[in-house]
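Commentary on secondary and tertiary structure
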Amino acid sequence: MTKFGMGQPVRRVEDPRLLTGQGRFTDDLSAPGQVHLVILRSPYGAALIKGTEVAAARAMPGVLGAWAGAELRRLGLGGVPCLASVPDRRGGRSVRPDRPVVALDRVQHLGEAVALVVAETLAQARDAAEQIVIDYETLPAVVDGTAALAPGAPQVHPQVPGNLLADYVMGEPERVAEAFAGAAHVTRMRIVNNRIVVAAMEPRACLARYDAADGRFTLDMGGQGVHIMRDSLAGPALGIEPAALRVVARDVGGGFGMKLFAYPEYAAALWAARAVGRPVRWCAERGESFVSDSQGRDQVTEAALGFDRDGRILGLEVSTIANMGGQVSGYGPGVPTIAGSPLLPGVYDIPMWSLRVRCVMTNTLPVDAYRGAGRPEAAYVIERLVDRAARELGLDPADLRRRNMVQPGQLPYRTCSGLTYDSGDFARVQDEALARADRAGFAARRADSMARGRRRGLGHAVYIERTGGNPKEHARILVDPVARQVVARVGTLANGQGHETAFGQVIADRLGIAFEQVRIVIGGDSDELEASGGTAGSRSLLLGGGAVVGAAEAAIDAGKPLAAELLEAAAVDIEYGDGAFRIAGTDRSIDLFAVAARAADQLGGAGLVVNALFEHGAPTYPNGCHVCEVEVDPETGVIAVARYTVVDDFGRLVNPMLVEGQVHGGIAQGLGQALTERVVYDDDGQLLTGSFMDYGMPRADLLPPIAFSTIEVPCQTNFMGIKGAGEAGAIGAPPALVNAVLDALAADGVADIDMPLTPERVWRAIREARAG
């Protein structure tokens, strides 16, 4: 192992560059002759477009073009595709309705694009956009998923009758009903997973160019996957072959799933670049992000668990209404169905289940993947259910979990939802977390709080998730003999995770060279790699790490014949280790970079260049236990998170420091959803929480110090033994927090409360419980 190889807590090498303002984000870019795109957006949640007038805008100073939707469609600007289609109980698969880049004859949510303006300056484009006249006929709107299914509800999308986009079912409903009929106890709950704004630090932005000489487009953007973006925009939006579009990403300031897929603005900028013959740039303002970025969660679930006399789970029943919004985003219907629902059984040995998910369209912003993409919603359902069941049965919540957990001796374990858990020690993880949280001393801390007129609660949640996503990833390595450096390009894109550090450690470890001799190319370029799966589903280290290991091994294999020539030996006698090739059984050797120099001489390139494709179909199943301790002021409803403990099983760790940072960030987002965040629309589809003045982003004083530790149970399905870690914090935090608050308020008679647990909501719950 080299000094900074696998398993070492190496400080992030990218931080000095980013913290000193040397990062290159999309809005830092410029191109000679660039012009500016402004998008006019609908002020209504639902309306018909009866007419448009853009002539006045075209006549404004500096304006190069102004267009509305119907004209753009005639000129060849298409739509943005939904990539996910799921089985539908009505037959076949769910419909993927048309989503035009610019609205044609109707708008289906606030902020939908209705016209484009391109001008020499941003101010001129804004002034011109104000001169465009759109004749709207407002329509009744529906913003709630349940209400959208009611008879007579306003029709949101003409291609989705009754607003039911998908009706997805799994499991054995008849068997579950029979089991519940004979159960000793059935716990039932209605569980709300509140809609949230993603609010990445860097707003979405792009710089689009068109080269008339070769007929190719180039799009610089801040995203999570360059090939996904290329393929989604080329044919569906622009009517071109993917090879005619190059997509480039550099530094990305946060993604969280929201930046993975294509958006209308990117297509509009590309089309406009060709139309005006100039580079076109666009960057969202924060208020524009609130009405154009995809949003997260927004599910309402009716769920039930049946138990026998010994407290063993007999079956699980879940029915969810998932709000998809007014247009169907890239992976929208896949999130609550195929991505999240199979994790509903959690870490428990549940023999049968019944699932129904209805994906419903409303006059709201589109909903898509947000950190965890369906798995946080699933964990919230099962962990709230188990905690409620423990209270109803008069059992210790930890004991009820323990007696129902999948045991190590049952692994590999196939769940009733069809997943196969390969590794884990769930009871051990729970016991370790509770011990580290000093559960034994909680009674004394509760008594102290009660003496001060406060309520204190302890809650926990045990989660499991599935990571991996796209099972293929590419990487390229250049062994540069001049710089004596290994330069690697990987198909996943960093947006805060620390890829430059982690991939550098993996390569240094495999090649036996100094960590400082490895450089990871920032960002992605669809022209540089054959394909890439992007950053999603906590897949980067599993798939990207596998790809760079494969590339390192390919470099070794390619170097052996060259080393044999230099050492005047047979290739079969060449071994590799510690950064050098050597003749087996001798002390004769030559280092990696000398061999790369021979490759450069023979092939005429910059050094030894290799490509690798890594394929890995088996997902990983990280798991853990979050323990949250809260103190509540019953007179104001204010919650203070007093202590927070988490024990995770991420398999073998490449860099414990990076993992802890990822978990901290996920917990912050999870607690934000649980305590402060909530998107609110009025009945007309107007967004009432459209700025940071109205939307409750989590702040630093919300979080206590987090006690983090891991138990390493190596994954059995990949050669590194690793499990994904990027989304785990956001999965365990919401149920742990809510369970803790309900434990604190049990003495006041509060049995249930929906997120976010704002002071007003907590105060009202206490008053209503006392009165009722």
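The notes below deal with the structure included here.

When its secondary structure is counted, the protein chain shows 20 helices and 31 strands. Computed over the C-alpha atoms, the radius of gyration of the protein chain is 27 Å, within 12% of the 28 Å expected from 2.2 N^0.38 for a compact globule of 772 residues. On the principal axes, the C-alpha backbone points of the protein chain span a range of 85 × 80 × 50 Å. In the protein chain, the share of contacts with a sequence separation of at least 24, taken over all contacts with a separation of at least 6, comes to 79%.

So, on to the side chain of serine 449. Note on placement: serine 449 falls in helix H14 (residues 442-451). A polar contact of 3.1 Å, which involves the side chain of serine 449, links it to the side chain of arginine 456. Contacts of serine 449, omitting those with residues within four sequence positions, involve Arg454, Arg456 and Glu631.

Attention shifts here to the pairing of strand E17 (residues 353-361). Strand residues, when the strand is regular, have side chains that alternate between the two faces of the sheet. Counting buried positions along E17 yields seven of nine residues, so the element is predominantly enclosed. Examined bridge by bridge, strand E7 (residues 164-171) and E17 share seven bridges and lie antiparallel to one another. Bridge pairing links leucine 164 to valine 360 in E17.

Moving on to the sheet that holds E17. The sheet built from five strands is open, its strands ordered E7-E17-E16-E15-E8 with mixed pairing. The sheet is open, and its two edges are formed by E7 and strand E8 (185-193), each paired on a single side. Strand-to-strand twist across the sheet, computed as the mean angle between neighbouring axes with direction ignored, equals 10°.

Before going further, it helps to spend a moment on the sheet that holds strand E1 (residues 35-41). Sheet strands line up and pair through hydrogen bonds in the backbone, either parallel or antiparallel. In space, the eight strands of this open sheet follow the order E3-E5-E1-E13-E10-E11-E12-E24, with mixed pairing throughout. Whereas interior strands pair on both sides, the edge strands pair on one side only; in this sheet they are strand E3 (63-68) and strand E24 (524-525). Across the sheet, helix H4 (residues 122-129) lies against E1, E3 and strand E5 (113-119), angled at about 30° from E1, the strand it touches most.

Counting 105 residues, the largest nonpolar core has Tyr644, Leu737 and Leu757 as its most contacted members. Looking at this core element by element, the count peaks at 11 residues for helix H19 (residues 728-745). Discounting chain neighbours no more than four positions away, the residues touching leucine 737 are Cys628, Val630, Val641, Leu671, Ala674, Leu675 and Leu757. Core analysis: the next-biggest nonpolar cluster, separate from the first, contains 61 residues, Leu233, Tyr266, Leu270 and Phe290 among them.

Here arginine 286 shows up in helix H9 (residues 286-290). The spatial distance from the C-alpha of arginine 286 to the C-alpha of proline 203 is 6.8 Å, given a sequence separation of 83 residues.

The subject of this paragraph is the side chain of aspartate 220. Position of aspartate 220 among the secondary structure elements: in strand E11 (residues 216-221). Judged by relative accessible area, aspartate 220 falls into the buried class, the value being 2%. Within polar-contact distance, the side chain of aspartate 220 engages the side chain of arginine 250 at 2.3 Å.

With that out of the way, let us pick up the packing of aromatic side chains. Evaluation of the coordinates by the stated rule reveals 13 aromatic pairs. For the ring pair tyrosine 263 and tyrosine 266, a centre distance of 6.1 Å and an interplane angle of 80° mean the geometry is edge-to-face. As far as burial versus exposure is concerned, tyrosine 263 and tyrosine 266 are alike and both buried. For the ring pair tyrosine 421 and phenylalanine 426, a centre distance of 6.3 Å and an interplane angle of 85° mean the geometry is edge-to-face. Both residues of the pair, tyrosine 421 and phenylalanine 426, belong to the buried class. One aromatic cluster is present, built from ring pairs that chain together Phe261, Tyr263, Tyr266 and Tyr331. Between the NZ or CZ atom of arginine 204 and the centre of the ring of tyrosine 263, over which it lies, the distance is 3.7 Å.

Let's shift gears to the packing of helix H11 (residues 375-393) against helix H12 (residues 397-404). The contact between H11 and H12 brings their axes to 9 Å, and the two run at 115°. Here the hand of the crossing between H11 and H12 comes out right-handed. Residues Glu383, Val386, Asp387, Ala389, Ala390 and Leu393 of H11 form the contact with H12, whose own contacting residues are Pro397, Leu400 and Arg401. Here the residues of the contact of H11 with H12 sort into six nonpolar, no polar and three charged.

Further remarks concern H14. Because the α-helix completes a turn every 3.6 residues, residues three or four places apart line up on one side. Those residues of H14 that fall on the buried side of the exposure criterion are Phe442, Arg445 and Ser449. Considered in projection along H14, the buried side chains sweep an arc of 65° and stay on one side of the axis. In H14, those exposed residues whose orientation departs by more than 90 degrees from the buried face are Ala443, Ala444 and Ala451. The secondary structure elements touched by the buried residues of H14 are strand E20 (455-464), strand E29 (623-632), strand E30 (639-649) and H19. Looking one or two residues past H14, glycine 453 carries a phi angle of roughly 80°, positive in sign.

Summed over all chains, the structure comprises zero disulfides. With no disulfide of its own, cysteine 82 lies 9.6 Å from the sulfur of cysteine 359, the closest cysteine sulfur. In this structure cysteine 283 is not part of a disulfide, and its nearest cysteine sulfur, from cysteine 206, lies 9.0 Å away.

What counts and how
Residues numbered from 1 in each chain as written. Predicted model: local features only at pLDDT ≥ 70, side-chain atom pairs only at ≥ 80, totals over all residues. Heavy atoms only, no water. Helix = DSSP H or I, 4+ residues; strand = E, 2+ residues; numbered from the N terminus. Rg over C-alpha atoms; globule rule 2.2 N^0.38 Å. Contact = heavy atoms within 4.5 Å. Polar contact = N/O pair within 3.5 Å; in protein donor to acceptor, adjacent residues only side chain to side chain. Buried < 20%, exposed > 50% of the residue type's maximum accessible area, 1.4 Å probe, protein only. Pairing = 2+ DSSP bridges. Axes fitted to C-alpha atoms, helices over the stretch in contact; angles between N-to-C directions. Core = buried A, V, L, I, M, F, W, Y, C linked by side-chain atoms within 4.5 Å. Phe/Tyr/Trp six-rings, centres within 6.5 Å; stacked < 30°, edge-to-face > 60°. Lys NZ or Arg CZ within 6 Å of the ring centre and 35° of its normal. Left-handed = near helix turned anticlockwise from the far one by under 90°. Nonpolar A, V, L, I, M, F, W, Y, C, P; charged D, E, K, R; others polar. Arc of directions from axis to C-beta. Disulfide = S-S within 2.5 Å.

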